Amino acid sequence: MRNLNTKHKYKRVEILVRGTVQGVGFRPFIYNLASRFEIAGTVSNTSDGVVITAAAEDNRLDLFIQAVQEQAPPLAKITSVTTRALPNSKEDYKGSFSILPSVPGLSANTAIPPDIALCNDCLRELLDPGDRRFHYPFINCTNCGPRFTIVETIPYDRPQTSMKVFPMCKACTKEYHDPGNRRFHAQPNACADCGPHIALHNNEGTRLATNSPLAETASSLKKGLVLAIRGMGGFHLSVSACSPEAVALLRQRKRRPDKPLAIMVSSLEVAKRFCCLDPAAEELLTSPEHPIVLLEKLEHTNLADNLAPGIDEIGIMLPYTPLHHLLFEQADCPEALVMTSGNTSGTPICTANDDALAKLGKIADLFLLHNREILTRVDDSVLKIMADQPFILRRARGLAPAPIQVAWKLPEILACGPGMKNTFSLGRNKSVFLSQHIGDLDNLESYEFYQESIEHFKKVFQLEPEAVVCDLHPDYMSSRYAAQCKLPLYKAQHHHAHAVAVMAEHGLDEPVLAIILDGTGLGGDGSIWGGEIFRTELTTYERLGHLSQLRLPGGDIATTEPWRLGISALFHSFGIDSIAPDRLPETLRQIDSGNLDVLTAMLTGGFNSPLTSSCGRLFDAVASLLDIRQHISYEGQAAMELETLAKKAWTPTWAGHILPNSHTNISPALKENDGKWEICSAEFVKRVVDGIGRGEDKSSIALQFHTMLISSITRLIEILSLQTGIRKVVLSGGCMQNSLLLEGLSHTLKSIQLKVYTGNLLPLNDGAISFGQTIIGGLRHVSRNSNAGDQRSG
Ligand code: ZN
Ligand code: ZN
Ligand code: FE
């Protein structure tokens, strides 16, 4: 063996490629690349990643490995490429290159790819009468189609997906095995002869006799009926978005009076008629993920005005499955369709045909069904552009379950997430597998979805946690789940987890200042926090300041009745006399006197009215004082309407004028006591009440409230930065989804030369909590184990 012809320096290596490399056309890519570089060997999917054995002269091997990284298919996300030498054998250099069947392995670091919108090649074929898949609603290829939603387990191969019940016909089989074909090893490959089909049913489950279910669907939508449409990750409920009557009918049947409804339109051109589109928004709408993007509504369109009452934005998306495209091809199809989650209030979206018929039968008139089973439930992802960057509001279809890489080695750990807007995460090594959006865990069905999803993630990523981490709040269902895991348990404070999520995304491991403007989370002192200024490290934090505490009269009910916060804010700002019926600002005079008496007793007696420093509740208070809204029907409603109102007074130079005074001028809204700072919301409330009394324009009062909040926080951060020497500031929390707050704070902090970090891979809201928890708990577990080791050795 030593006497090989050394002139050519033949080598044989094994190359391990990790990341999102399965189900994205990676093996055909390697096959074609190997032919191009005249390399002999094999490629296979293993649960550890894609393994290539390659034999050639060493210079060609080097070029080949370089090309693997540089020319990977668009959907592949390579996280590492490692090579090791294999023993030489002369025969290897003469052989051909082949694709081996998948081999199961021991440790899965390979991600299941997310689901991807129909690609342009498939769209062309879908609309080409000469193509054999003309008008076939399940056309796909290695560059597009369902993935995560149809995978049962890994490795990602057809027998482990819900396509296993559809044996491929001759023509599809030929494509599947032809390395030169776009459908080579495309696991969901199918055609009208061998694949899934659609059918239209009434709401009793009876199949309707029609030769065009799509034409029938479109004409029903045009007539104003409510349709349940089975999609990729679950059902949508759909009505014409141009018919206020149809929208009202859906709202009434779904018991969803005000919450904004997302719409789908056929193309960017149509989207431009309804909302402000800039190139960044166009790029997001047409990205492989095709998310819902929140965009500013244009005035005077033919969209129904009850799609998003009181809000100046509309969630819009483009068709992402062939079925959607075909629906818009129908002559009768309305030009915009409401496409909202097919669920009953608060529960997970329906995925199975029978479940949908049972649960949505009273909401939808007709059901457009298909028989490709959805194995994993995934909602539509939602994004928004603020400060010229995309922000994720809901991380789901197209984005999950792609792992997020971090800079630190983690143990195998499960982070259980928060109680509302839940996601959970699994950590291993330097990867965090963040679940898709699960939702609010306050009902049994969501909790079952949560538990099933944890088991599914453990299976597909072959991960067995050795520790768990949860929120400080013991009553969250996620915290209860953590407690019954019987594993070493770590608890992470909610707003610390918000901050660490951003730090981890940016690889920051030095101390930072964190501004967390949020709804609520249990604080380290047992009170409810939510407007917090921390000095934060990865595993510890110090609370340096917070918004003034307000009482929540009535407890939880106060979160849905802003008028309670309005009264509470007056009480804290001006004292008991100010909430006497004849002293109330005129915006609150309509409050029932009996209710007012009870509230006054709670506030003065301090019973059933916990204290909170929540920023979300302060927004509720101001929304109430301005009489924008005294009762809400969905979370965040009052704050969103307050933001919408403030934007009416906004001018392009607004942010530039937030800090008009010299840098040394301490805001009157800041108070210090023993190194702990309070941002006195009473100052903002006084300004609001003053403005109302003087009959000022409500939108300019609303904007001024934003301005005061931003400038006070900036002043405090400036002081703390001088005291601590820390120049890096992290922004997070649900209230940062308010673009005025986020853009205003980013601007003012940068104007005093601080470095500002926000999360772009993860939501600003509680969707990021489990990611932060993974890092906090994971690093604490690592250091506990190493400390234990130290003790033993010492
Ligand atoms: Zn395609
Ligand atoms: Zn076929
Ligand atoms: Fe939060």
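Note that the coordinates shown come from a computational prediction; the quantities given were computed from them, not determined experimentally. (Residues numbered from 1 in each chain as written. Chains lettered and ligands numbered in written order. Predicted model: local features only at pLDDT ≥ 70, side-chain atom pairs only at ≥ 80, totals over all residues. Heavy atoms only, no water.)

Is there a simple way to think about the coordination of the zinc ion (ligand 1) in this case?
Surrounding the zinc ion (ligand 1) are the protein donor atoms Cys119 (SG), Cys122 (SG), Cys141 (SG) and Cys144 (SG), which sit 2.3 to 2.4 Å from the metal. Here the zinc ion (ligand 1) binds 4 donor atoms, and the angle range of 103 to 120 degrees at the metal identifies the geometry as tetrahedral. Residue class for Cys119 comes out buried when judged on its relative accessible area of 12%. (Donors = N, O, S within 2.8 Å, 3.2 Å for Na, K, Ca; no water. Tetrahedral: all angles 85-135°; square planar, octahedral: opposite > 155°, others 65-115°. Buried < 20%, exposed > 50% of the residue type's maximum accessible area, 1.4 Å probe, protein only.)

Is there a simple way to think about the packing of helix α1 (residues 26-36) against helix α2 (residues 58-70) in this case?
Two numbers describe a pair of packed helices, the interaxial angle and the distance between the axes. Close contact between α1 and α2 brings their axes to 11 Å; oriented N to C, the two are set at 150 degrees. The crossing of α1 and α2 is right-handed. Between α1, through Phe26, Phe29, Ile30, Leu33 and Ala34, and α2, the contact on the second element is made entirely by Phe64, Ala67 and Val68. When the residues that make up the contact of α1 with α2 are grouped by side-chain class, the tally is 8 nonpolar, no polar and no charged. (Axes fitted to C-alpha atoms, helices over the stretch in contact; angles between N-to-C directions. Helix = DSSP H or I, 4+ residues; strand = E, 2+ residues; numbered from the N terminus. Left-handed = near helix turned anticlockwise from the far one by under 90°. Contact = heavy atoms within 4.5 Å. Nonpolar A, V, L, I, M, F, W, Y, C, P; charged D, E, K, R; others polar.)

Is there a simple way to explain the sheet that holds strand β9 (residues 263-265) in this structure?
The strands that make up a sheet pair up through hydrogen bonds in the backbone, lying either parallel or antiparallel. One open sheet accounts for 10 strands, arranged β6-β13-β7-β8-β12-β9-β11-β10-β14-β15; its pairing is mixed. The open sheet terminates on both sides in strands that have one partner only, identified here as β6 (198-202) and β15 (389-394). Neighbour-to-neighbour, the strand axes of this sheet turn through a mean angle of 35 degrees, independent of strand direction. Bridge count between β9 and strand β11 (residues 313-317): 2 bridges; the pairing is parallel. The residue of β11 that forms the bridge with Met264 is Met317. (Pairing = 2+ DSSP bridges.)

Which parts of the structure should I look at to understand the packing of helix α16 (residues 615-625) against helix α18 (residues 681-693)?
Here α16 crosses α18 at 15 degrees, and the two axes come no closer than 10 Å. Classed by the angle they form, the pair α16 and α18 counts as roughly parallel. Note on packing geometry: the crossing formed by α16 with α18 is right-handed. Residues Leu618, Val622 and Leu625 of α16 form the contact with α18, whose own contacting residues are Ser681, Phe684, Val685, Val688, Val689 and Ile692. By residue class, the composition of the contact of α16 with α18 is 8 nonpolar, 1 polar and no charged. (Parallel < 35°, antiparallel > 145°, perpendicular 65-115°, else oblique.)

I tried to follow helix α14 (residues 562-574) on my own but got confused; where do I start?
Structurally, the α-helix is built with 3.6 residues per turn, so residues lying three or four positions apart point the same way. With 13 residues, α14 extends 18 Å between its outermost C-alpha atoms, agreeing within 8% with the 18 Å of an ideal straight helix rising 1.5 Å per residue. Of all 13 residues in α14, 11 are buried; the element is thus mostly enclosed. Taken as a whole, α14 has its buried residues at Pro562, Trp563, Arg564, Leu565, Gly566, Ile567, Ser568, Ala569, Leu570, Phe571 and Ser573. Tucked inside the fold, the buried residues of α14 contact β23 (550-551), α15 (593-605), α16, α17 (637-647) and α18. In the segment just after α14, Gly575 is the residue with positive phi, at about 95 degrees. (Expected span 1.5 Å × (residues − 1).)

What's the story with the pairing of strand β19 (residues 489-492) in this structure? I'm lost.
Looking along a regular strand, one sees side chains alternate from face to face of the sheet. In β19, alternate side chains face the same way, and those of Tyr490 and Ala492 are buried while those of Leu489 and Lys491 on the opposite face are not. Bridge analysis of strand β18 (residues 467-471) against β19 gives 4 bridges, and the strand direction is parallel. Note on β19: the bridge partner recorded for Asp471 is Ala492. For the segment spanning β18, helix α12 (residues 477-483) and β19, crossover handedness is right-handed. (Right-handed = clockwise from strand over helix to strand, strands pointing away.)

Would you mind showing me how to read the sheet that holds strand β17 (residues 425-434) here?
Pairing is mixed in the open sheet, where 4 strands are placed in the order β17-β16-β18-β19. Strand pairing shows two members of the sheet lacking a second neighbour, β17 and β19, which therefore form its edges. On average, each strand axis in the sheet is tilted by 60 degrees relative to the strand beside it, whichever way the strands run.

How do you make sense of the packing of aromatic side chains when you look at a structure like this?
Geometry of an aromatic ring pair is reported as the spacing of the ring centres plus the angle between the planes. All chains considered together, the criterion is met by 17 aromatic pairs. On the numbers, 6.0 Å between centres and 85 degrees between planes, the contact of Phe148 with Phe457 is edge-to-face. Of this pair, Phe148 sits in the loop between α3 (120-126) and α4 (170-177) while Phe457 sits in helix α11 (residues 444-460), and the two are 309 residues apart along the sequence. Summarising the burial analysis for this pair, Phe148 and Phe457 share the class buried. Residues Phe424 and Phe457 carry aromatic rings whose centres are separated by 5.2 Å and whose planes lie at 80 degrees to one another, so their mutual orientation is edge-to-face. Here Phe424 is found in the loop between β16 (404-415) and β17, whereas its partner Phe457 is found in helix α11, with 33 residues between them in sequence. The buried category is assigned to Phe424, whose relative accessible area is 0%. By relative accessible area, Phe457 is classed as buried at 1%. Following the ring pairs from residue to residue traces out a cluster consisting of Phe148, Phe424, Phe433, Tyr447, Tyr450, Phe457, Phe461 and Tyr481. Geometry around Trp529 places Arg543 over its ring, the cationic atom sitting 4.0 Å from the centre. (Phe/Tyr/Trp six-rings, centres within 6.5 Å; stacked < 30°, edge-to-face > 60°. Lys NZ or Arg CZ within 6 Å of the ring centre and 35° of its normal.)

Is there a simple way to think about unusual backbone geometry in this case?
Most peptide bonds take the trans form, and the phi angle of most residues other than glycine is negative. Along the chain, Ile154 connects to Pro155 via a cis peptide bond; the corresponding omega equals -5 degrees. By the secondary structure assignment, Pro155 is in the loop between α3 and α4. The amide bond that connects Ala400 to the next residue, Pro401, takes the cis arrangement and shows omega of 5 degrees. The topology assignment puts Pro401 in the loop between β15 and β16. Residue Asn429 is not a glycine yet carries a positive backbone phi of 55 degrees.

Looking at this structure, how should I read the nonpolar core?
Here is a general trend for soluble globular proteins: nonpolar side chains tend to be buried in one another's company. By size, the foremost hydrophobic cluster in this structure holds 92 residues, and its most contacted members are Phe26, Ile30, Ile39, Ile52, Phe64 and Tyr450. Counting residues per element, this core draws most heavily on α11, which supplies 6 residues. Among all residues touching Tyr450, those that are not within four sequence positions of it are Cys416, Asn422, Phe424, Ile438, Leu441, Ser478 and Tyr481. (Core = buried A, V, L, I, M, F, W, Y, C linked by side-chain atoms within 4.5 Å.)

I'm lost on the pairing of strand β26 (residues 676-679) in this one. Help?
Here β26 shows a clear split, with Trp677 and Ile679 buried on one side and none of Lys676 and Glu678 buried on the other. Two elements, strand β22 (residues 541-547) and β26, share 3 bridges in a ladder whose sense is parallel. What sits directly across from His546, in β26, is Glu678. Here strand β25 (residues 670-673) runs beside β26; their pairing, made up of 4 bridges, is antiparallel. Residue pairing in the sheet places Lys671 in a bridge with Glu678 of β26. In this antiparallel pair of consecutive strands, β25 and β26, the connection spans 2 residues, and Asp674 shows a positive phi of 60 degrees.

Please clarify how the pattern of salt bridges should be interpreted in this entry.
Two side chains of opposite charge can pair, provided their charged atoms sit close to one another. Counting across every chain of the model gives 41 salt bridges. We note a salt bridge from Lys359 to Glu445, for which the minimum N-O separation is 3.3 Å. In this pair, Lys359 is assigned in helix α10 (residues 353-360) and Glu445 in helix α11, connecting sequence segments 86 residues apart. According to the relative accessible area criterion, Glu445 is partly exposed, its value standing at 32%. For Arg543, the salt bridge goes to Asp525, with nearest N and O atoms at 3.7 Å. With a gap of 18 residues between them, Arg543 in strand β22 and Asp525 in the loop between β20 (512-522) and β21 (528-536) connect regions that are remote in the sequence. Ionic contacts of the salt-bridge type, sharing partners, join the residues Asp121, Arg124, Glu125, Arg182 and Arg183 into one network. (Salt bridge = Lys/Arg side-chain N within 4 Å of Asp/Glu carboxyl O.)

Take it as geometry only, folks, not as evidence of what the structure does.
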